[in-house]
Amino acid sequence: SARASRVLSALDLPTDGSLIPGMYDGQWGGSGAVQKSICPATGEVIGQVQTANVEETQRAIQATKGASILLRRMPGPQRGEVMRQIREALGAKTAALGDLVSLEMGKIRSEGKGEVQEFVDICDYATGLSRSMAGRVLPSERPEHVIYEIPNPLGVVGILSAFNFPVAVYGWNLAIAMITGNSTIWKPSPTTPLCAIAVTRLIQPVLERNGLPGAVAALVCGDVAVGKEIVGSSDVDMVSFTGSEKIGKEVGKVVQDRFGKALLELGGNNAVIVDKDADLQMALQAVIFAAVGTAGQRCTSTRRLYLHRSISAQFISMLLKYYDSASSQTTLKAGDPLDDASLIGPLHTSGAVKLYEDALAGIQKRGGKVLTKRSGKMDVGMGGNFVWPTIVRPTNDDPCWTTETFAPILSVAEFDTLEEAIHLNNAVPQGLSASLFTTNIQSMGKWLGPEGADCGIVNINVGTSGAEIGAGFGGNKSTGWGRESGGDAWKQYVRWSAATVNYSSKMPLAQGVSFGV
Ligand code: NAD
């Protein structure tokens with residue numbers, strides 16, 4: 001379609017359906033199966049990618065390993081300069097790349113662009129980090145001794161990413177891995193190969209300009225076999241995996257089995273708690289963005305809503321006014337993600353629509369209620385995987401409370417005390433993001449403290465989704481305990497050595513141990 005052609009041609013991607021090489025390790029290639037990229041809003045095929053096969057993946061791993069030796073010799077601030085140039089290359093194409101995210105993944109335009117901006121931001125952050133990744137100097141108990149803690153590069157970081165952030169998740173990993181001196185090999189989601197190819201094509205000339213081999217940032221589009229090849233390879237020092245709990249559990253076991261390092265960013269099941277003293281208007285705006293935005297396809301999307309009994313009826317009616325407006329196409333307009341007026345885009349695949357429908361059917365079969373006027377598939381006049389964002393009141397013991405359904409379904413329940421709400425928040429396997437809406441300082445303290453929310457992201461008067469890059473991003477419990485992006489996340493991308501240096505002329509032992517030689 002003309003719509004797809006406009007987006008593809010802005011990034012020099014073919015518009016005639018010709019095969020695009022989906023593997024890069026200094027050269028573009030690939031002779032594995034062909035992956036079709038399907039636009040979630042229309043169902044049309046927008047590109048065909050020739051993926052890497054298993055042997056080619058192994059070759060790319062070896063090339064990446066070779067490239068890591070060059071990269072680790074490069075002084076950190078010089079790597080920072082390369083990162084700054086990558087940032088410039090991305091910055092020049094933010095809008096075009098953002099549109100490709102909207103076209104291929106299905107999120108709305110401002111979110112597509114926002115995702116690329118996140119990559120730009122992490123490049124800036126990483127450039128700064130290149131001059132400030134500090135080890136430590138510690139006092140020794142022995143005279144004229146000193147202890148250092150020294151970070152050195154790991155070698156190769158394998159990046160396996162999910163469909164829902166086809167650019168930013170790679171960006172977080174590439175930037176931090178590269179700045180800490182590691183080369184990377186990226187296997188993107190099989191449903192978003194074009195985003196991966198477009199990003200890699202922007203990075204390629206920067207590497208070339210700086211005399212670095214392309215395998216510093218290798219790409220292997222492919223299926224599960226390609227993912228398994230990376231995960232199982234002892235030449236991949238760390239596997240940074242972003243995806244579902246189910247696959248993450250498998251990946252974690254395989255990496256553990258070879259004593260590799262795994263960084264897991266898995267599913268979320270995030271709650272908002274609106275207490276009796278909350279500013280309801282603020283809570284409303286936050287819940288709608290986090291539950292309806294991205295059609296519920298963020299790892300941090302709000303899936304559970306716990307309302308203080310005294311404000312529950314009022315807050316639900318405020319929410320329903322918005323949710324039901326999706327039908328009149330006024331406030332919460334659903335439609336083409338590339339149309340600036342749209343706030344609701346499609347689900348990513350038809351399979352996701354089925355998961356959404358099955359989840360709603362199950363909740364109702366088990367005695368739960370749908371509160372919104374409409375639910376199910378939505379027709380916006382362009383085909384695609386559009387569904388109605390839905391609010392449900394499941395039974396208290398419904399299994400939906402403890403599982404992540406990657407769709408815009410918001411489950412509501414009431415609570416009477418903050419302690420009870422915190423208990424509900426924590427009583428799920430996942431531990432990614434949680435938000436409390438309150439104006440009470442005592443509640444804030446409790447929420448953030450040892451008796452509070454057990455998640456990796458714990459907010460107050462801010463929704464569960466839409467984190468900035470400055471802090472470490474990730475979740476606890478079955479979300480995998482990983483941290484990416486800012487904060488201390490870089491410390492996972494290095495091998496740490498404790499180094500004791502003796503600059504005296506004696507050989508004393510620690511703890512006063514004597515050993516008479
Ligand atoms: P997924 O688990 O289906 O796939 C993730 C990646 O793993 C893909 O690249 C896939 O091809 C690959 N893969 C599949 N099987 C594999 C195997 N056996 N070995 C190696 N690789 C394999 O996830 P998805 O549907 O693409 O993404 C949605 C999920 O990702 C949600 O659960 C969401 O919460 C999660 N997610 C988490 C975060 C976070 O930071 N915590 C961020 C984004 C998405």
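Heads up: the structure comes first, above all this text.
Residues numbered from 1 in each chain as written. Predicted model: local features only at pLDDT ≥ 70, side-chain atom pairs only at ≥ 80, totals over all residues. Heavy atoms only, no water.

Enquirer: Help me understand the sheet that holds strand 14 (residues 302–308), please; the structure alone is not making it clear to me.
Expert: Hydrogen bonds between backbone groups are what pair the strands of a sheet, and the pairing can be parallel or antiparallel. Strand order in this open sheet of seven strands is 15-16-17-14-13-19-20, and the pairing throughout is mixed. For this open sheet the edge positions go to strand 15 (369–370) and strand 20 (457–460), each flanked by a neighbour on one side alone. One ladder, built from five bridges, connects strand 13 (residues 270–274) with strand 14; its direction is parallel. Each bridged residue has a counterpart across the sheet, and for Ala-271 the counterpart in strand 14 is Arg-304. The sheet contacts of helix 12 (residues 350–365) involve strand 15, strand 16 (390–393) and strand 17 (409–415), and relative to strand 16 the element is tilted by about 25 degrees. With respect to the sheet, helix 14 (residues 441–448) is in contact with strand 13, strand 19 (433–437) and strand 20, its orientation differing from that of strand 20 by roughly 175 degrees. (Pairing = 2+ DSSP bridges. Helix = DSSP H or I, 4+ residues; strand = E, 2+ residues; numbered from the N terminus. Contact = heavy atoms within 4.5 Å. Axes fitted to C-alpha atoms, helices over the stretch in contact; angles between N-to-C directions.)

Enquirer: How should the packing of helix 1 (residues 2–9) against helix 4 (residues 94–104) be read in this particular structure?
Expert: When two helices pack together, you describe them by how their axes are tilted relative to each other and by the distance separating the axes. Two elements in contact, helix 1 and helix 4, have axes separated by 9 Å at closest approach and are oriented at 140 degrees. Taken together, the axis directions place helix 1 and helix 4 in an arrangement best described as oblique. Helix 1 and helix 4 meet at a crossing whose hand is left-handed. Two secondary-structure elements touch here, helix 1 through Arg-3, Ala-4, Arg-6, Val-7 and Leu-8 and helix 4 through Asp-99, Leu-100 and Leu-103. Taken together, the residues of the contact of helix 1 with helix 4 break down into five nonpolar, no polar and three charged. (Parallel < 35°, antiparallel > 145°, perpendicular 65-115°, else oblique. Left-handed = near helix turned anticlockwise from the far one by under 90°. Nonpolar A, V, L, I, M, F, W, Y, C, P; charged D, E, K, R; others polar.)

Enquirer: It is not clear to me how the pattern of salt bridges should be interpreted in this structure. Could you clarify?
Expert: Side-chain pairs of opposite charge can arise whenever the charged atoms involved come near each other. Throughout the structure, instances matching the rule amount to 18 salt bridges. The salt bridge partner of Lys-107 is Glu-115, with a shortest N-O separation of 2.6 Å. Look at Glu-115 and you get buried, because its relative accessible area is 1%. For Glu-419, the salt bridge goes to Lys-446, with nearest N and O atoms at 3.1 Å. Taken together, the residues span a long stretch of sequence, with Glu-419 in helix 13 (residues 418–426) and Lys-446 in helix 14 at a distance of 27 residues. By relative accessible area, Lys-446 is classed as partly exposed at 33%. (Salt bridge = Lys/Arg side-chain N within 4 Å of Asp/Glu carboxyl O. Buried < 20%, exposed > 50% of the residue type's maximum accessible area, 1.4 Å probe, protein only.)

Enquirer: Would you explain helix 12 in this entry?
Expert: For an α-helix, the turn length of 3.6 residues means that residues three or four places apart are oriented alike. Its 16 residues place the ends of helix 12 22 Å apart at the C-alpha level, agreeing with the 22 Å of an ideal helix rising 1.5 Å per residue. Listed as buried for helix 12 are Ala-352, Val-353, Tyr-356, Ala-359, Leu-360, Gly-362 and Ile-363. The inward-facing, buried residues of helix 12 abut strand 16 and strand 17. After helix 12 finishes, the residue Gly-367 shows a positive phi value of roughly 100 degrees. (Expected span 1.5 Å × (residues − 1).)

Enquirer: Would you take a moment to explain the pairing of strand 13 for this structure?
Expert: Consecutive side chains of a regular strand alternate in pointing toward one face of the sheet and then the other. With five of five residues buried, strand 13 is to be regarded as a mostly interior element. What you see with strand 13 is no split at all: Asn-270, Val-272 and Val-274 on one side and Ala-271 and Ile-273 on the other are buried throughout. In this view, the connection linking strand 13 to its parallel neighbour strand 14 by way of helix 10 (residues 280–292) has right-handed handedness. As defined by bridge partners, strand 13 adjoins strand 19 across four bridges and the pair is classed as parallel. By the bridge assignment, Ala-271 is partnered in strand 19 with Ala-434. (Right-handed = clockwise from strand over helix to strand, strands pointing away.)

Enquirer: When you look at empty space enclosed by the protein in this model, what are you seeing that I'm missing?
Expert: All told, the structure shown has three cavities of 30 Å³ or more when counted by the stated rule. Volume-wise, the largest cavity comes out at about 90 Å³. For the largest cavity, the full set of lining residues is Asn-269, Arg-303, Arg-304, Ala-359, Ile-363, Cys-400, Thr-403, Thr-405, Ile-409 and Ser-411. For the lining of the largest cavity, the secondary structure elements donating two or more residues are strand 14, helix 12 and strand 17. Split into classes, the residues belonging to the lining of the largest cavity amount to four nonpolar, four polar and two charged. (1 Å grid on protein atoms, 1.4 Å probe; cavity = no way out; pocket = protein on both sides within 12 Å on 5 of 7 lines; lining within 4 Å. Points joined across faces, edges and corners; volume = space filled by probe spheres on them.)

Enquirer: I'm lost on a nonpolar patch on the surface in this one. Help?
Expert: Residues Val-137, Tyr-148, Ile-150 and Val-501 make up a contiguous nonpolar surface patch of roughly 310 Å² in combined accessible area. With respect to the helices and strands, the residue Tyr-148 is situated in strand 7 (residues 145–153). Judged by relative accessible area, which is 32%, Tyr-148 ranks as partly exposed. (Patch = residues over 30% accessible without salt bridge, like charges linked within 9 Å, V, L, I, M, F, W, Y side chains within 5 Å. Areas by Shrake-Rupley, 256 points an atom, 1.4 Å probe, with all protein chains shown as cover.)

Enquirer: Before we go on, may I ask you to explain the site of the ligand in this structure?
Expert: Taken together, 28 residues surround the ligand, and among them Ser-161, Lys-187, Ser-244, Leu-266 and Glu-404 come closest. The separation between a nitrogen atom of the ligand and a polar main-chain atom of Leu-266 is 2.8 Å. Taking Glu-404, its side chain carries an N or O atom lying 2.6 Å from an oxygen atom of the ligand. Notes on the ligand: free accessible area 860 Å², of which the protein chains cover 90%. (Near = heavy atom within 4 Å. Polar contact = N/O pair within 3.5 Å; in protein donor to acceptor, adjacent residues only side chain to side chain.)

Enquirer: Help me understand helix 5 (residues 109–129) in this model?
Expert: Counted at 1.5 Å a residue, the expected span for helix 5 with its 21 residues is 30 Å, and the 30 Å between its end C-alpha atoms agrees. Listed as buried for helix 5 are Glu-111, Gly-112, Glu-115, Val-116, Glu-118, Phe-119, Val-120, Ile-122, Cys-123, Ala-126 and Leu-129. For helix 5, the secondary structure elements touched by its buried residues are helix 3 (76–91), helix 4, helix 6 (168–179), helix 7 (193–209), helix 10 and strand 23 (484–485).

Enquirer: Before we go on, may I ask you to explain the nonpolar core in this structure?
Expert: The nonpolar side chains of a soluble globular protein tend to be buried, and buried together. By size, the foremost hydrophobic cluster in this structure holds 117 residues, and its most contacted members are Ile-86, Leu-100, Phe-119, Val-274, Leu-305, Phe-315 and Leu-319. For Phe-315, the contacting residues outside a window of four places in its chain are Val-274, Leu-280, Ala-283, Leu-284, Val-287, Leu-305 and Leu-307. Judged by nonpolar contacts, the second largest core, of 19 residues, contains Ile-230, Val-239, Val-251 and Leu-264. (Core = buried A, V, L, I, M, F, W, Y, C linked by side-chain atoms within 4.5 Å.)

Enquirer: How do you make sense of unusual backbone geometry when you look at a structure like this?
Expert: Note: most residues except glycine have negative phi, and most peptide bonds are trans. Residues other than glycine seldom take positive phi values, yet Ala-295 does so here, at roughly 50 degrees. Tracing the backbone through its elements, the reader meets Ala-295 in the loop between helix 10 and strand 14. What makes Ala-295 buried here is its relative accessible area of 2%. At Gln-511, a residue that is not glycine, the phi angle is positive and equals roughly 60 degrees. Relative to the helices and strands, Gln-511 resides in the segment after strand 24 (494–502). Judged by relative accessible area, Gln-511 falls into the exposed class, the value being 66%.

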